[in-house]
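Structure at a glance
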Amino acid sequence: MSNVNERLRELGLVLPEAPKPVGSYLPCVRTGDLVFVSGQLPTRAGTLVAKGKVGTAVTIEQAAEGAKVAALNGLAQIAATLGGLGNIVRIVRLGVFVNSGPGFTDQAKVANGASDFLVAVFGDAGRHVRAAVGAAELPLDAAVEIELIAQVRG
Amino acid sequence: MSNVNERLRELGLVLPEAPKPVGSYLPCVRTGDLVFVSGQLPTRAGTLVAKGKVGTAVTIEQAAEGAKVAALNGLAQIAATLGGLGNIVRIVRLGVFVNSGPGFTDQAKVANGASDFLVAVFGDAGRHVRAAVGAAELPLDAAVEIELIAQVRG
Amino acid sequence: MSNVNERLRELGLVLPEAPKPVGSYLPCVRTGDLVFVSGQLPTRAGTLVAKGKVGTAVTIEQAAEGAKVAALNGLAQIAATLGGLGNIVRIVRLGVFVNSGPGFTDQAKVANGASDFLVAVFGDAGRHVRAAVGAAELPLDAAVEIELIAQVRG
């Protein structure tokens, strides 16, 4: 797990600065060996990369990329709180909320953008459970929001 | 708890084969003495038994039956991962997402289909907390999706 | 933490009687040092104080007040289950579902009603992660629903 940053680099990614919460809450809370991460939006340098309803304004591919960006932001939050990603034992759970236009039922394909990314970074330790559902609306009109639970050591 | 399968039989139910995930994730993850189960749909032998929006295409009764089927699938996932249901100490939490048509506010009655079922199977150990909410859309147009946390031993 | 009730009094609040579940589930389950609380509605003495869709029937301010009331109900549930609030170590996570009218994307401002309240009551121990999302519909047409995880001792 010590080579997570290297793996990110191989994927052409850099851990971003952890996004500031958009309200009066914490990005991460550790309790026991679990770290809970607040719902993350698909922002890059403060701008949403996937905005609007999936199936109408946003394609599945754009939303799946957004899910990946939101998951990357979740890792940035853990790194900022724990001082790095080296103590992650495994990803436990994702909650994936997809801003869904009428009749859009491919929430799973959107969520795969985050799930595949986490497996690419952590291997088997990145495999997780998830619930992917269609939200009526999301904060800032984000196309997707992802919350995360990870197991950590130390 | 050793007679869970017997209890299912008394209820006229058989633990189905665990449904395959519809994306790149795991059906169950155990961490410590908690087992997290991915969002389950109301499928029987691969076919949705409750499809569409509750309050319009689907009645409360059909959706409540779907919630029961989804919960049964959740138990099948735990059984497949742990090698049976005998090590379940209790059901801790359900997340219940109801594919809700305009103005449908009886999410609790739909969720009762799963909650009542779990109490029928496990008795007091089946009693749990839950959050029941209305989703705008759900994967594959399922009428309901249920995720689950259980406490296990061993 | 022993002066939580005093702090509530300073805020002009009294811990209400814990609302009865609106279905066949428990208000709280403790497992290990975590307490999971079922989704709470913004009811006061059995009546919703914020009902309908936020952005259309309900203002952000009304919904934020509703979020506070729902969070207070969550504390009442913990107090009823544990015999008081003195054993709360910290608030870990809120799930905030906002009954969102078309185009309403200020779920974070609604959720702040609960988050700010918990920090006012518990100080730093009240700071938590959260996921705030837009629900299509909510039970009883509540404007907001809040579920909660707290860490406890003893």
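This text goes with the structure placed above it.
To keep things clear, this report deals only with the structure shown in the data block. The model shown is predicted, which means the values in this text are computed figures rather than measured ones.

Least-squares fitting of chain A to chain C yields an RMSD of 0.0 Å, with the superposition described by an axial translation of 0.0 Å and a rotation of 120°. Taken together, the turn and the small shift mark the pair as related by a three-fold rotation axis. Minimal C-alpha distance to the rotation axis in chain A is attained by alanine 136 of chain A, lying at 2.8 Å. A low fraction, 8%, of the interface residues of chain A reappear at the interface in chain C, so the copies pair through non-equivalent surfaces.

Among the secondary structure elements, phenylalanine 97 of chain A is positioned in strand 5 (residues 88–99). Phenylalanine 97 of chain A gets classed as buried once you count the C-beta atoms within 10 Å, which come to 34. Ignoring sequence-local partners within four residues, the contact set of phenylalanine 97 of chain A consists of Val133, Ala135, Leu138, Val144 and Glu145 of chain A together with Val133 of chain C.

Let's shift gears to the environment of leucine 41 of chain A. You can see leucine 41 of chain A is positioned in the loop between strand 2 (34–40) and strand 3 (43–44). With 96 residues separating them in the primary sequence, leucine 41 of chain A and glutamate 137 of chain A have C-alpha atoms 13 Å apart.

Moving on: the packing of helix 2 (residues 60–82) of chain B against helix 3 (residues 107–122) of chain B. Residues and elements named next belong to chain B. Axis separation between helix 2 and helix 3 bottoms out at 7 Å; the angle between their running directions is 40°. It follows that helix 2 is oblique to helix 3 by the angle criterion. Remark: the crossing between helix 2 and helix 3 carries right-handed chirality. Judged by residue contacts, Ile60, Ala63, Ala64, Glu65, Ala67, Lys68, Ala70 and Ala71 of helix 2 engage Lys109, Val110, Ala111, Asn112, Gly113, Ala114, Phe117 and Leu118 from helix 3. Of the residues contributing to the contact of helix 2 with helix 3, the split by class is 11 nonpolar, 2 polar and 3 charged.

Rules and cut-offs
- Residues numbered from 1 in each chain as written.
- Chains lettered and ligands numbered in written order.
- Predicted model: local features only at pLDDT ≥ 70, side-chain atom pairs only at ≥ 80, totals over all residues.
- Least-squares fit on C-alpha atoms with pLDDT ≥ 70 in both.
- Contact = placed C-beta atoms within 7 Å.
- Helix = DSSP H or I, 4+ residues; strand = E, 2+ residues; numbered from the N terminus.
- Buried ≥ 20, exposed ≤ 12 C-beta atoms within 10 Å, placed from the backbone.
- Axes fitted to C-alpha atoms, helices over the stretch in contact; angles between N-to-C directions.
- Parallel < 35°, antiparallel > 145°, perpendicular 65-115°, else oblique.
- Left-handed = near helix turned anticlockwise from the far one by under 90°.
- Nonpolar A, V, L, I, M, F, W, Y, C, P; charged D, E, K, R; others polar.

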